[in-house]
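The lines below spell out each chain.
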Amino acid sequence: MEELLLRDGEKIQIAIFFMLFFVGWNLENFISSGLDYKKWKHAFTNMPFIFTSLPAELILSVLFVKTIAWTQLHHFGIVYLLPLEGHPVLLFVVSFLLLDLGEYIYHVVAHKVRPLWSFHAVHHSDKVMDISTTLREHPGDNLLRMLLTLLWVFLSGSLFWVLILRQIIQLFFSLFSHLNFRLPEKTDRIVSLLFNTPNFHHVHHHHKLPLTDCNYGDVLTVWDRILGTYRKAKAHEIVFGVDYYPKKVETSEFKTLFVLPFRKLKKKYF
């Protein structure tokens with residue numbers, strides 16, 4: 001039953017992903033930030049990462065099923081320690097907060113630990129920010145993030161339906177925050193009080209410290225505000241990429257990007 005639920009959830013997520021990607025792609029065509037680049041060529045550089053991350057996702061999906069089944073059977077996890085039984089909305093909110101905090105923690109660690117950053121830097125190395133940047137995730141980075149998510153699911157005791165619904169919401173904000181456009185400042189000031197926006201996340205993709213080490217939020221921005229990692233920057237101040245990968249050839253071809261983590265990192269980032 002759990003495996004069937006997870007498979008159905010994955011099918012729904014895939015369908016929602018393609019729908020949102022299609023909408024976002026065309027939205028950028030009409031109201032982009034005006035970056036001068038070859039959009040299709042850029043997308044075809046990032047798209048192969050979908051397929052390189054697929055094996056790990058398929059294998060780990062089985063572990064997610066077994067982990068959640070075990071925590072349910074043994075009533076193990078933070079949510080079982082709280083009086084949430086019979087309150088599905090409250091259960092979802094608490095579980096969502098725990099999982100989102102877990103994503104924030106991994107994101108911070110991925111920037112602070114050199115081996116993790118070497119993989120995560122592939123995502124940051126994109127010199128153009130648009131919806132296809134969401135796909136630009138090295139399989140090593142994806143595997144490490146999913147393993148930590150698995151651990152967080154285990155510790156939190158999250159249920160199947162909570163995880164699936166949370167992943168759908170996460171998918172929306174991941175695509176939305178990487179779009180090649182910005183919200184009007186007044187609108188963003190309100191929305192980004194709670195949720196990740198392009199204005200908020202673009203700052204995180206600036207090519208130099210200290211801005212690279214800020215605005216880590218996945219769906220919610222509250223963790224950055226509470227833990228002191230929130231920063232603001234004007235659109236004209238932001239330059240995308242990673243400063244120690246200045247050559248375009250290093251960051252514009254898939255085969256080069258794939259081996260990028262295995263090259264020796266320059267120390268000046270740390």
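The chain appears in an unreviewed UniProt entry as Fatty acid hydroxylase domain-containing protein from Elizabethkingia occulta. According to the UniProt record, the Subcellular location (unreviewed entry) comment for the chain reads "Endomembrane system".

Enquirer: If you had to explain the nonpolar core to someone new, which residues and values would you point to?
Expert: Ranked by size, the top nonpolar core spans 32 residues in total, and within it Phe 17, Phe 21, Val 79, Ile 131, Leu 175 and Phe 176 carry the most contacts. Residue assignment for this core shows that the elements contributing at least two residues are α1 (2–31), α4 (88–112) and α7 (160–177). Ignoring anything within four residues of it in the chain, the contact list for Ile 131 reads Leu 20, Phe 21, Gly 24, Trp 25, Glu 28, Leu 175, His 178 and Leu 179. In terms of nonpolar packing, the next biggest core, distinct from the first, is built from 10 residues, Leu 99, Leu 150, Phe 160 and Leu 163 among them.

Enquirer: Kindly report on the UniProt feature "domain: Fatty acid hydroxylase" (unreviewed entry) in the chain, identifying the contributing residues and their values.
Expert: Look at the UniProt record and you will see "domain: Fatty acid hydroxylase" (unreviewed entry) annotated at residues 92–229. Across residues 92–229 one finds 64% helix and 0% strand; the C-alpha atoms that close the span lie 26 Å apart.

Enquirer: Report on the side chain of His 123, specifying residues and quantitative values.
Expert: When you line up the elements, His 123 lands in helix α5 (residues 114–124). Relative accessible area serves as the criterion here: at 9%, His 123 is assigned to the buried category. From its side chain, His 123 meets the backbone oxygen of Arg 136 in a polar contact 3.1 Å long. Within the structure, His 123 has its side chain in polar contact with the side chain of His 205 (distance 3.3 Å). Sequence-distant contacts of His 123, that is, excluding residues within four places in its chain, are made with Thr 133, Thr 134, Arg 136, His 178 and His 205.

Enquirer: Any details on the UniProt feature "transmembrane region" (unreviewed entry) in the chain? Residues and values, ideally.
Expert: With numbering matched to this structure, UniProt assigns "transmembrane region" (unreviewed entry) to residues 12–31, 43–65, 77–99 and 143–165. Summarising residues 12–31: 100% helix, 0% strand, and an end-to-end C-alpha distance of 28 Å. The distance from the first to the last C-alpha atom of residues 143–165 is 21 Å, and the span holds 87% helix and 0% strand.

Enquirer: Please set out the environment of Asp 141 residue by residue, giving values where relevant.
Expert: Mapped onto the secondary structure, Asp 141 falls in helix α6 (residues 139–156). A sequence separation of 20 residues divides Asp 141 from Ala 121, and the C-alpha atoms of the two residues are 9.0 Å apart. With near-sequence residues (within four places) excluded, Asp 141 lies in contact with Tyr 106, Phe 119 and His 120.

Enquirer: Got a sec to walk through the layout of surface pockets? Specific residues and values, please.
Expert: Space inside the largest pocket adds up to approximately 1500 Å³. Considering the residues around the largest pocket, the lining is formed by 47 residues, among which Glu 57, Glu 137, Asn 142, Arg 145 and Leu 171 are closest to the centre. At the level of elements, α1, α3 (49–74), α4, α5, α6, α7 and α9 (198–204) are the ones that each hand at least two residues to the lining of the largest pocket. Class assignment of the residues belonging to the lining of the largest pocket gives a composition of 18 nonpolar, 20 polar and 9 charged.

Enquirer: If you had to explain empty space enclosed by the protein to someone new, which residues and values would you point to?
Expert: If you walk through the whole model with that rule in mind, you get 1 cavity of 30 Å³ or more. Within this model, the largest cavity holds a volume of roughly 30 Å³. Forming the walls of the largest cavity are Gly 102, Glu 103, Tyr 106, Arg 145, Leu 148, Thr 149 and Trp 152. Secondary-structure elements contributing two or more residues to the lining of the largest cavity are α4 and α6.

Enquirer: Break down the pattern of salt bridges for me, with residues and values.
Expert: Counted according to the given criterion, the structure contains 7 salt bridges. In this structure, Arg 136 engages Asp 126 in a salt bridge whose closest nitrogen and oxygen atoms are separated by 3.6 Å. Residue Arg 136 is found in the loop between α5 and α6, and its partner Asp 126 is found in the loop between α5 and α6; the two are separated by 10 residues along the sequence. What makes Arg 136 buried here is its relative accessible area of 1%. Through salt bridges with shared partners, a single ionic network connects Asp 100, Arg 166 and Asp 218.

Enquirer: Explain the packing of aromatic side chains to me, and be specific about the residues and the numbers.
Expert: According to the stated counting rule, one finds 18 aromatic pairs in the structure shown. Ring centres 5.7 Å apart and planes at 45° place the aromatic pair Phe 92 and Phe 96 in the tilted group. In this pair, Phe 92 and Phe 96 both sit in helix α4, 4 residues apart, roughly one turn of the helix. For Phe 92, a relative accessible area of 16% puts it in the buried group. Taken together through their ring pairs, the aromatic side chains of Phe 17, Phe 18, Phe 21, Trp 25, Trp 40 and Phe 44 make up a single cluster. Directly above the aromatic system of Trp 25 lies the positively charged group of Lys 39, at a separation of 4.1 Å from the ring centroid. Sitting over the ring of Tyr 230, Arg 225 keeps its end group 4.2 Å from the ring centre.

Here is what the cut-offs are and how they apply
- Residues numbered from 1 in each chain as written.
- Predicted model: local features only at pLDDT ≥ 70, side-chain atom pairs only at ≥ 80, totals over all residues.
- Heavy atoms only, no water.
- UniProt positions renumbered as here; feature names shortened; annotations may be inferred.
- Core = buried A, V, L, I, M, F, W, Y, C linked by side-chain atoms within 4.5 Å.
- Buried < 20%, exposed > 50% of the residue type's maximum accessible area, 1.4 Å probe, protein only.
- Helix = DSSP H or I, 4+ residues; strand = E, 2+ residues; numbered from the N terminus.
- Contact = heavy atoms within 4.5 Å.
- Polar contact = N/O pair within 3.5 Å; in protein donor to acceptor, adjacent residues only side chain to side chain.
- 1 Å grid on protein atoms, 1.4 Å probe; cavity = no way out; pocket = protein on both sides within 12 Å on 5 of 7 lines; lining within 4 Å.
- Points joined across faces, edges and corners; volume = space filled by probe spheres on them.
- Nonpolar A, V, L, I, M, F, W, Y, C, P; charged D, E, K, R; others polar.
- Salt bridge = Lys/Arg side-chain N within 4 Å of Asp/Glu carboxyl O.
- Phe/Tyr/Trp six-rings, centres within 6.5 Å; stacked < 30°, edge-to-face > 60°.
- Lys NZ or Arg CZ within 6 Å of the ring centre and 35° of its normal.

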